[in-house]
Amino acid sequence: MRRIHVGNALSAFGLGFTVPYLYVYVAQVRGLGAVTAGLVLAVFAVAALIVLPFAGRAIVRRGPLPVLLAALVTAALGSLSLGLAGNATAVLLSAAALGAGQAVMQPALATMIVDCSTAETRSRAFATQFFLQNLGLGVGGLIGGHLVDATRVSSFTLLFAIEAAMFLLLVVVMATVRTPHSPRMEDAPAGSAKGSWKQLLGNRAMVQLCVLGFVLFFACYGQFESGLSAYGVEAAGISTSALGTALAANTAMIVVAQFAVLRFVERRRRSRVIASVGLIWAVAWLAAAYAGLGHGSQEMATAAFVSTYALFGLGEAMLSPTVAPLVADLAPAGMAGQYNSAFALVKQLALAVGPAVGGPMGASLHAPYVVTFLLFSLGITWLALRLGRQLSAVQDQPWVARSRVVTRGGAGDARVSAPTSPSGV
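The rules behind each value
- Residues numbered from 1 in each chain as written.
- Predicted model: local features only at pLDDT ≥ 70, side-chain atom pairs only at ≥ 80, totals over all residues.
- Heavy atoms only, no water.
- Helix = DSSP H or I, 4+ residues; strand = E, 2+ residues; numbered from the N terminus.
- Buried < 20%, exposed > 50% of the residue type's maximum accessible area, 1.4 Å probe, protein only.
- Contact = heavy atoms within 4.5 Å.
- Areas by Shrake-Rupley, 256 points an atom, 1.4 Å probe, with all protein chains shown as cover.
- 1 Å grid on protein atoms, 1.4 Å probe; cavity = no way out; pocket = protein on both sides within 12 Å on 5 of 7 lines; lining within 4 Å.
- Points joined across faces, edges and corners; volume = space filled by probe spheres on them.
- Nonpolar A, V, L, I, M, F, W, Y, C, P; charged D, E, K, R; others polar.
- Phe/Tyr/Trp six-rings, centres within 6.5 Å; stacked < 30°, edge-to-face > 60°.
- Core = buried A, V, L, I, M, F, W, Y, C linked by side-chain atoms within 4.5 Å.
- Salt bridge = Lys/Arg side-chain N within 4 Å of Asp/Glu carboxyl O.
- Lys, Arg positive; Asp, Glu negative; His and termini not counted.
- Expected span 1.5 Å × (residues − 1).
- Polar contact = N/O pair within 3.5 Å; in protein donor to acceptor, adjacent residues only side chain to side chain.
- pLDDT = per-residue confidence, 0-100.
- Axes fitted to C-alpha atoms, helices over the stretch in contact; angles between N-to-C directions.
- Left-handed = near helix turned anticlockwise from the far one by under 90°.

## Some words on the overall build of the protein chain
Across its full length, the protein chain carries 18 helices and zero strands. Within the protein chain, buried positions represent 54% of all 425 residues. Contacts in the protein chain between residues far apart in sequence, at least 24 positions, make up 82% of those at least 6 positions apart. Summing over all exposed atoms, the protein chain offers an accessible surface of approximately 17300 Å²; the carbon and sulfur share of this is 67%.

## Description of empty space enclosed by the protein
This structure, assessed with the given rule, holds one cavity of 30 Å³ or more. Its boundaries defined by the atoms lining it, the largest cavity holds a volume of some 60 Å³. For the lining of the largest cavity, the per-class residue count stands at four nonpolar, two polar and three charged.

## A word on the packing of aromatic side chains
Following the criterion strictly, the structure yields 15 aromatic pairs and no others. Among the aromatic residues, ring-to-ring pairing joins Phe 214, Phe 218, Tyr 231, Trp 281, Trp 285, Phe 312, Tyr 369, Phe 373 and Phe 376 into one connected group.

## Side note on the environment of Leu 314
In this fold, Leu 314 is placed in helix H14 (residues 298-319). The class for Leu 314 is partly exposed, based on a relative accessible area of 24%. Once you skip the residues sitting within four places of it in the chain, Leu 314 turns out to touch Met 253, Val 261 and Ile 280.

## Some points on the environment of Gly 56
If you trace the backbone, Gly 56 turns up in helix H3 (residues 33-62). For the pair formed by Gly 56 and Thr 111, sequence separation is 55 residues and the distance between their alpha carbons is 9.8 Å. In this view, Gly 56 contacts Gly 337, Gln 338 and Ser 341; residues no more than four positions away in its chain are not counted.

## Quick notes on the nonpolar core
Among the nonpolar cores identified, the biggest contains 121 residues, and Met 174, Met 206, Leu 209, Leu 212, Leu 228, Trp 281 and Phe 305 are the most heavily contacted of them. Looking at this core element by element, the count peaks at 12 residues for helix H13 (residues 270-293). Setting aside residues no more than four positions away along its own chain, Leu 228 makes contact with Gln 223, Trp 285, Ala 288, Phe 305, Thr 308, Tyr 309, Phe 312 and Tyr 369.

## Here we look at the pattern of salt bridges
Applying the stated rule across the entire model yields two salt bridges. Between Asp 329 and Arg 122 there is a salt bridge, and its shortest N-O distance comes to 2.8 Å. Note that Asp 329 is positioned in helix H15 (residues 323-330) and Arg 122 in helix H6 (residues 122-147), a separation of 207 residues in sequence. With a shortest N-O distance of 2.9 Å, Asp 329 and Arg 270 are connected by a salt bridge. Note that Asp 329 is positioned in helix H15 and Arg 270 in helix H13, a separation of 59 residues in sequence. Neither residue differs from the other here; Asp 329 and Arg 270 are each classed as buried. Residues joined by salt bridges that share partners form a network here, namely Arg 122, Arg 270 and Asp 329.

## A few points about the side chain of Glu 316
Relative to the helices and strands, Glu 316 resides in helix H14. Buried and unpaired, Glu 316 has Lys 347 as its nearest opposite-charge partner, separated by 8.7 Å. Those residues in contact with Glu 316 that lie beyond four places of it in its chain are Phe 130, Tyr 221, Phe 224, Asn 250, Ile 254 and Trp 281.

## Looking at helix H5 (residues 88-115)
Its 28 residues give H5 an end-to-end C-alpha distance of 41 Å, which sits within 8% of 40 Å, the value for a rise of 1.5 Å per residue. Most of H5 sits inside the fold, with 20 of its 28 residues counted as buried. Near the N-terminus of H5, the side chain that reaches the backbone nitrogen of Thr 89, with its oxygen 3.2 Å away, is that of Asn 87.

## Side note on the confidence of the model for the protein chain
The share of residues in the protein chain with pLDDT of 70 or more is 88%, and the mean pLDDT across the chain is 80. Across residues 183-194 the pLDDT falls below 50, and counting only partners more than four positions away or on other chains, this stretch makes 22 contacts in the model. Contacts for the low-pLDDT stretch residues 402-425, under 50 throughout, to residues beyond four places or in other chains number 50 contacts.

## Description of the packing of helix H1 (residues 2-18) against H6
Two elements in contact, H1 and H6, have axes whose closest approach is 6 Å; the angle formed by their N-to-C orientations is 35°. For the element pair H1 and H6, the recorded crossing hand is right-handed. Along the lines of polarity and charge, the residues of the contact of H1 with H6 split into 11 nonpolar, 10 polar and no charged.

## Considerations on helix H2 (residues 22-29)
Buried within H2 are the following residues: Leu 22, Tyr 25, Val 26, Ala 27 and Val 29. Positive backbone phi, at 65°, marks Gly 31, one or two positions downstream of H2.

What follows is the structure, given as C-alpha cells:
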C-alpha cells in the first residue's frame, strides 16, 4: 500500500509538473498558435474517453499491475516526445499518448488500492490517496513553474524529460509491488463474467452513482479553471493573484482538513455524507454570488471568492473517503477494475463538458451561471439521498460489516449479516 501511495503521489506530481504549462508551450514557445494549443488540451480528454472503456476490461482480465506498467511507459514516451515535438502533428500525437497513459493510471491504481485494503481500511486508504494527489499536484506545479522560461525551448524540453523520468521511476517502484491475489474474470463465477458492461448497466445503484458522479465532477471540478475563474475575473473583478490565492486555499483546505474530515465521515452513512457535500457546495455558490453580484467592496468580494474555493475543498475532502470505496463495494467479485474504469470514464466526460458549458456562462451570463450551479449542487443532495435507498446497509454503512464480504452487484442482493455492535466485532 505504501508503494501504491508513492505511485499516486508521483503520477500527480508529473501531472502538476507539466499540464499547467501546456498551453504556453504549444501556443507561444513552439509558435503553433492558440488553436493547436486548444486542440492539445482537447486531445487529453478525447484520448481518455477512448482508452478507458478498454482499460477496465484489461484490468479485469490481466490485473491492475500490468495495465499500470503499460500506462506508465506510454505516458513516459508521450511526455518525452512532447518535449521534442516541433510541429502540430507530433505535438498532438504525443499529447494523445500522454493523456491516454495518465487516464489509465487512475483506475489501475484505484483497483490496486481495493486489492490491498479491507472494507474497514478502504476509506482511509482512498483519503490518503486523495491527500497525496493534491500534494503532488501542488508541489509539481510549484517546481515546474520555477523551471520553465517562455523564452527558452530547452527549459520545456527539460520539464517534459523530468516528467518522463518520473514515470519510468514509477515503473521501477510499482514493479516491486506484490498485491494480494484478487479474483480475475476467469476466476469469477460464470454469472460474474458475462457481459461486464451489460452487467454494470444492470446494477441500478452503480448507474445512479455514475449519474451522481457526473453531476459532482461537472458542477465542481469542471468549473475550477474555466467557468468559476472566468466568473471571478469578469463579474467580481478578481485579480490573477487573488485567483491564485483561491486555488491555493482549495488545496490548503484539502491538505489540512482531509484526515480530520475522515474521522467525521467514517461512521456516517455514505449517502448522507455525499448529500451534505451538495449543501456545502450550495453555500459555496452563494458566496460566489455575493462576490460577483453583491455590490460589496473589492476586499469583501475577494474574500467571498476565496471562501468559495475553500468550501469546495472541504466538500472534496469529504468525498474522497466516500465515493471511491463505494464504487469498489458495488463491484462484483473480480470486477473492481471495470467499475473503477467506468467511473473514471464518467469523470472524464464531466470534465470535458463542464468547461465547455461553464466557461462561456461564467464569462458573460453571471447571474444565470451562479443560479444554474447552485441548483446542480442541490441536485447532488437529492441524488445522494435517492442513491441511499438503493444501497444495502453494508454498502451505505461499511462499519457494520463483520468481514471483508460486502454486497455485490446491487442493494437487492445483500448477503451480509450485520453485527449488533457498530464496532464490527
